[in-house]
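Chains, contacts and geometry: an overview
If you want the building blocks of each chain, they are given just below.
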Amino acid sequence: MKIEVIENVLKYNKDQADKNRKLFKDSMLLVLNLLSSPGSGKTSLILETLKRLKGKKNIGVIEGDISSTYDAEKIGKLTDNVIQINTGGSCHLNASMIEKAISKLKIKRLDLLIIENVGNLICPSGFDLGEDHKIVMSSVSEGDDKPVKYPPVFIKSDLIILNKIDLLKISDFNQNFFENKVKELNPLSDIIKLSCKTGIGMEEWIEWVLNRCKIRN
Ligand code: MG
Ligand code: ZN
């Protein structure tokens with residue numbers, strides 16, 4: 001009985017995600033679903049991205065948190081195209097929440113939509129939002145064992161970002177171990193190492209995004 005309930009929830013979510021996907025496709029919008037544990041630097045990456053693509057791409061942001069508008073207020077200093085979703089305790093975003101949020105954004109005018117999921121490496125990876133790419137961010141301060149402990153999110157992501165590499169020199173984080181585990185789980189994924197704080201690696205990230213934006217005819 002219990003398994004059937006979960007299957008129904010996921011089936012319902014998948015149907016809604018397919019509707020979102022169609023809308024995103026029709027709007028020529030690139031949609032990125034950003035996943036990580038709390039404190040990896042998702043919001044910092046979004047802020048840096050907004051600064052670097054200002055005047056080049058129109059970007060919308062959906063901020064997912066269990067409560068507060070703290071991150072959306074930071075983003076709101078750089079763009080009006082930001083919507084905060086408070087999940088009211090739920091530890092992940094689902095496709096219906098995204099449907100409601102995008103109804104408040106002028107998505108036909110946007111080139112890129114970044115969804116900051118709830119900080120959690122476990123269940124957000126199981127909920128399709130209709131995005132083009134899942135991206136998982138891990139950071140040096142969390143340790144090099146995240147791919148070993150939380151495989152599904154690394155398997156499902158097209159890009160793995162390692163943030164806070166400015167801390168490598170004062171940490172025993174083993175880069176080879178981390179990268180080898182990622183490649184074992186997901187040989188086709190891209191890995192970008194960066195620091196939102198120092199800016200190192202940010203150009204590679206921006207290029208990754210720009211290469212995936214859709215071309216309007
Ligand atoms: Mg955040
Ligand atoms: Zn959850």
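In what follows, the structure referred to is the one given above.
Structure report, in brief.

Take the coordination of the magnesium ion (ligand 1) next. Taken together, T43 (OG1), D71 (OD) and E116 (OE) make up the full set of protein donors to the magnesium ion (ligand 1), lying 2.1 Å away. Ordering the donors of the magnesium ion (ligand 1) by residue number gives the pattern T-x27-D-x44-E. Remark: E116 occurs in strand 4 (residues 112–116) and T43 occurs in helix 2 (residues 42–52); sequence separation between them is 73 residues. Side by side, T43 and E116 carry an identical accessibility label, which is buried.

Okay, the pairing of strand 2 (residues 59–65) next. Of all 7 residues making up strand 2, 7 are buried, and the element is well covered by its neighbours. A two-sided burial pattern is seen for strand 2, the buried positions comprising I59, V61, E63 and D65 on one face and G60, I62 and G64 on the other. As paired strands, strand 2 and strand 4 are joined by 5 bridges and run parallel to one another. Along strand 4, the bridge assignment pairs E63 with E116. For the crossover from strand 2 across helix 3 (residues 70–76) to strand 3 (residues 82–86), the handedness is right-handed.

So, about the coordination of the zinc ion (ligand 2). For the zinc ion (ligand 2), the full set of protein donor atoms is C91 (SG), H92 (ND1) and C123 (SG), and the range of their distances to it is 1.9 to 2.2 Å. Read from N- to C-terminus, the donor residues coordinating the zinc ion (ligand 2) fall into the pattern C-H-x30-C. Pair noted here: H92 is in the loop between strand 3 and helix 4 (95–102) and C123 is in the loop between strand 4 and strand 5 (133–139), with a separation of 31 residues, a long-range link.

So, on to the packing of aromatic side chains. Enumeration according to the criterion identifies 3 aromatic pairs in this entry. Ring centres 6.3 Å apart and planes at 85° place the aromatic pair F154 and F178 in the edge-to-face group. Note that F154 is positioned in helix 6 (residues 151–156) and F178 in helix 7 (residues 175–185), a separation of 24 residues in sequence. Overall, the relative accessible area of 1% leaves F154 in the buried class. Residue classification places F178 among the buried residues on the basis of a relative accessible area of 1%. Both rings, one in W205 and one in W208, keep their centres 6.3 Å apart while their planes meet at 15°; by these two values the pair is stacked. Separated by 3 residues within a single helix, W205 and W208 lie in helix 8 (residues 202–212), roughly one turn from each other. The buried category is assigned to W205, whose relative accessible area is 2%.

Cut-offs and rules
- Residues numbered from 1 in each chain as written.
- Chains lettered and ligands numbered in written order.
- Predicted model: local features only at pLDDT ≥ 70, side-chain atom pairs only at ≥ 80, totals over all residues.
- Heavy atoms only, no water.
- Donors = N, O, S within 2.8 Å, 3.2 Å for Na, K, Ca; no water.
- Helix = DSSP H or I, 4+ residues; strand = E, 2+ residues; numbered from the N terminus.
- Buried < 20%, exposed > 50% of the residue type's maximum accessible area, 1.4 Å probe, protein only.
- Pairing = 2+ DSSP bridges.
- Right-handed = clockwise from strand over helix to strand, strands pointing away.
- Phe/Tyr/Trp six-rings, centres within 6.5 Å; stacked < 30°, edge-to-face > 60°.

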